[in-house]
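# Notes for the structure review
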Amino acid sequence: MNIYKLYFNYLIEALEKFKSDFKYSFKVDDILKKLTLEPPKNSINGDMSTNLAMILSKDLKLSPKIIANHLKVYILNFPDVANVNVAGPGFINITFKQHIWTDFISNLLQNIENWDKLEIGNGKNINIEYISANPTGPLHAGHARGAVFGDALASLLTEVGYSVTREYYINDAGNQIEKLVDSSLLRYNEQITNKTIDIPEGLYPGEYLKEVGKTLYEKYGDKLQLDDQKKVFEKVRSVSIEVIMEMIKNDLLKLGIKMDVFTSEKKIISGHLLNEIIKILESKNLIFYGVLDPPKGADAKNWEKREQLLFKSSQYGDDADRALKKSDGTWTYFATDMAYHLDKMNRTKGDLINVLGADHIGYISRINAAVSALSNGSVEIDTKVCALVNLLEDGKPMKMSKRKGNFVTLSDVVNAVGKDVLRFIMLTRRNDQSLDFDFKKVMEKSKENPVFYVQYAHARCKSIFRSSKVNEKELILKNPKRLKDVHEIELIKFIALWPRTLELAAKNHEPHRICYYLIELSSIFHSLWNKGKDNNIKFIVEDDLELTNARLSLVKVVALTIRKGLSILKIEPIFEM
RNA sequence: GCGCUCUUAGCUCAACUGGAUAGAGUAUUUGACUUCGAAUCAAAAGGUUGGGGGUUCGAGUCCCUCAGAGCGCACCA
C-alpha cells in the first residue's frame, strides 16, 4: 500500500471533477505531466503537498491561490483528511488524521511481501552493459565502481518489474590483443626454458600471465610454436582470453556479481551485423565517403587528408561525423560497437543502459546517435558515467604504477574490506561525482562509516527482539493506535516514503538513493532509540504488553525495510555486531 | 584550440528532475551512559549553491556567458 500513489489517484479524480464542474477546457494529461504530490520539506506544512493550483494557473488565467481555494473543497472530501490549507505561492497542503499512519503500519504488516511492490517495468526487457573491462588482466580497484553501480542498478530494475539482462562486452580484438598474445608467448617460453624473461616495454608485465603460459604449456607441451604463425596466434589468443576471463569472472563473483551474457567483439566482427548496419544506414542515407576536418589545435600535426566511409552522426546531435573504416580497410572500433549495439537491440527488444567510466564521456553522443539511427528512435539508451574513485590510505593517496603492473586489484580490495562494505561505499555517491575510498575510514566502526551505521541500526532492531524474547516473524500487531508519540509517527511517515524512494531510484537509474534512504532511516531509528532514556518511550514496556507489542511491530518494520534496501544492493544484513 | 562532465557550509556530500526558510555527516562548542548495546543521541554555530546575466508565479536544478577542475579530441580500443 503506497499512500502517495493512493492520494495521487484521488487528486486526479478531483482534477477531473473540478474540470467538469467549472467546464474548463484544459487538457488533463498535460497537467498530469507536471503534477506532484510530495511530502513538504518542512513538516510544519502538513503531510503532503501538491503544486496542482500553480500548474493550472496559466491555463485558467487565474492566480494560483484562487484556484487552490476552489480545489481545497474537493480535497477536504478525500478520506482521512484532517486539514487542508493553501500556503506560499499556491501550494495545497494536506494534513491527515493520525490514524492513517497507524493504519498504514497495520496494513503493511499484513502485506509484508507486497506492500512496496512497484510495477514500473511491467516485464519490459532492459539490457544493462557494465564493466566490459579489457580481457588483458584481472580487474583492478578502479573497476569496482562501475561493477557495483551496474549490478545494483540491475538488481533495482529487477525489483521494480523489469526483465533485466546483465551483459559484459569482451573486447577480444584489436591491437591490445596482439600485445596480450605476445606477452603470453613470453610467459609460455618461460615455462619451456624455465628461465625468467624480461617483459619489454609496451607489453603486459603482470605476473598473472604466468598462469596463461602454464596453461599453454599444459595444453600444447613445447610444440606450440611449430605450427604456422596464424594458428599459433589463434591458439594463444583463445587460451589467454579464456584464462583471463576466468580470473575476471572470479573477481566479480567475489563482489557478488554474476553476468547473464558475455558477448565477444571478435564474434561481432566476423558476423553479418556489420553488413547489416551498413545496409540500414544506406537505406536512410546516413552514410557517405567524405573527408573529416582535422582536429583543431596541436594534435593536428599527424593528420592527413583522407577520404573515409563516414556515418552522419552529426545529424543525431553528435558534434562530428564518425569514421566507420580505418585506412587499412578494416572496421573502426566504433563501427564494430554500432554492430554490437544492433546485436543488443535485436536480442533485448527493449531499452539499453550502458555504464561507462568517466574517460569515455566523449564517446556517449556518437553511441546515442548510432542507437537512434539504427532503431528509428524507438530504443531508449541511457548512458551512466561513473566518475573516478580516489583510493586513499588514511587520507593519503595510494601509489600505483600501471607500467610496473603493481596496481591494487579488485580482489585485493574485496579481501581487505569485504564485499558488502565495498558495495555500499561505492553507492554512497551519485555515479557522476568522484568518490574517495579510504581504506581506513571504511573499516571504521563509527557513524563516519555509513555501512556500519546502517548495519548497527539493524543489529539494534534484532537486539530488541532478543531482549524482549519475542519472535520477530511471529509478531502480530494487536492495537496500532497505541503508536501515538510524534517520534513514532515521524518514523512511520518515513517508512511510507520507501516506495517513493524505490520509484525515484529506479526511474532515474540512481541506486545511490537507496543508500541515502537507509542512512536516514537508521538515523531516525537511532534517535528514537535514544529517546528511551529521557522521554520514556522505550520499546519494551514491561507493564504494558499491548504497547510493547505495538512498538515492537514498528521495530519489525524498520528491520524489514533495512533488509529490503540492503537486499536490493545485494548486501547481507548483520544481526549482531 | 574544440567538445563532454563537474563546481553546493572550513572539509566530504544530499536535495523527490522547476517548488516553500537549500539539508546530512565531519571538524568546532556544549550536553546525555543506574539503558532493550553511548560503536549512539540532543543542541548551538556554519550558505550570495564558483562569478555575472536571462527564461517564469518560482531556479542549486533550464538557457547564455566568464572562471576553475577532470576527461577526451581522424585512423587506437
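In this report, we go over the structure that sits alongside the text. (Residues numbered from 1 in each chain as written. Chains lettered and ligands numbered in written order. Predicted model: local features only at pLDDT ≥ 70, side-chain atom pairs only at ≥ 80, totals over all residues. Heavy atoms only, no water.)

### What to know about helix α12 (residues 333-348)
The line we're drawing: Going along the chain from the N terminus, every DSSP run of H or I of four or more residues is numbered as a helix, and every run of E of two or more is numbered as a strand. Expected helix span is taken as 1.5 Å per residue step, with the number of steps being one fewer than the number of residues. We call a residue buried when its accessible area falls under 20% of the maximum for its residue type, exposed when it is over 50%, and partly exposed in between, using a 1.4 Å probe and counting protein chains only.
Between its first and last C-alpha atoms α12 spans 22 Å; for 16 residues at 1.5 Å apiece the expected length is 22 Å, and the two agree. Across the 16 residues of α12, 13 count as buried, placing the element largely inside the fold. Just downstream of α12, Lys349 is the residue with a positive phi angle, here 50°.

### Describing the protein's contact with RNA strand B
Where we set the bar: Working definition: residue near molecule or strand if any one of its non-hydrogen atoms lies within 4 Å of it. Here a polar contact means two N or O atoms within 3.5 Å. Within protein one must be a hydrogen donor candidate and the other an acceptor candidate, and residues neighboring in sequence count only if both atoms are side-chain atoms. Residue classes follow a fixed rule: Ala, Val, Leu, Ile, Met, Phe, Trp, Tyr, Cys and Pro count as nonpolar, while Asp, Glu, Lys and Arg count as charged, and any other residue, Gly among them, counts as polar.
Looking at RNA strand B, there are 67 residues lining it, with Ser49, Phe91, Tyr453, Ser463 and Ser467 nearest. Per the 4 Å cut-off to the protein, sugar and phosphate atoms form 63% of the nearby atoms of RNA strand B. In the model, a base nitrogen of RNA strand B is placed 3.3 Å from a nitrogen or oxygen of the Phe539 main chain. At 3.1 Å, a backbone N or O of Met577 approaches a base oxygen of RNA strand B. For the surface near RNA strand B, the secondary-structure elements that each account for two or more residues are α3 (52-60), β4 (91-96), α7 (175-193), α17 (450-468), α19 (498-507) and α20 (512-534). Residue contributions to the surface near RNA strand B peak at 8 residues, all from α20. Residue classes in the surface near RNA strand B are distributed as 25 nonpolar, 22 polar and 20 charged.

### Quick notes on the sheet that holds strand β15 (residues 435-438)
The criterion, for reference: In short, DSSP must find at least two bridges between two strands for them to pair. Residues are treated as being in contact if the distance between any of their heavy atoms lies within 4.5 Å. Every axis corresponds to a line fitted to the C-alpha atoms, with the helix fit spanning only the stretch in contact, and the corresponding angles, defined between N-to-C directions, vary from 0 to 180 degrees.
Spatial ordering of the open sheet is given by β14-β13-β15, a layout of 3 strands whose pairing is mixed. Among the strands making up the open sheet, the edge pair consists of β14 (396-397) and β15. For strand β13 (residues 389-393) and β14, the ladder comprises 2 bridges, and the chain directions are antiparallel. Bridge pairing links Glu393 to Lys396 in β14. On top of the sheet, helix α15 (residues 419-426) reaches β13 and β15; it is set at about 155° to β15, its chief contact.

### A word on the sheet that holds strand β12 (residues 381-386)
Taken in spatial order, the 5 strands of this open sheet run β7-β6-β5-β11-β12, and their pairing is parallel. Taken across any chain shown, the strands that pair with only one partner, and hence form the sheet edges, are β7 (261-264) and β12. For this sheet, the mean inter-axis angle between neighbouring strands, taken without regard to orientation, is 25°. Alignment of strand β5 (residues 125-129) against strand β6 (residues 163-170), held across 5 bridges, turns out to be parallel. Along β6, the bridge assignment pairs Asn125 with Ser163. Sheet contacts for helix α6 (residues 143-159): β5, β6, β11 (351-357) and β12; angle to β6, the most-contacted strand, approximately 155°.

From the geometry alone we can't say anything about function, so treat these as descriptive.
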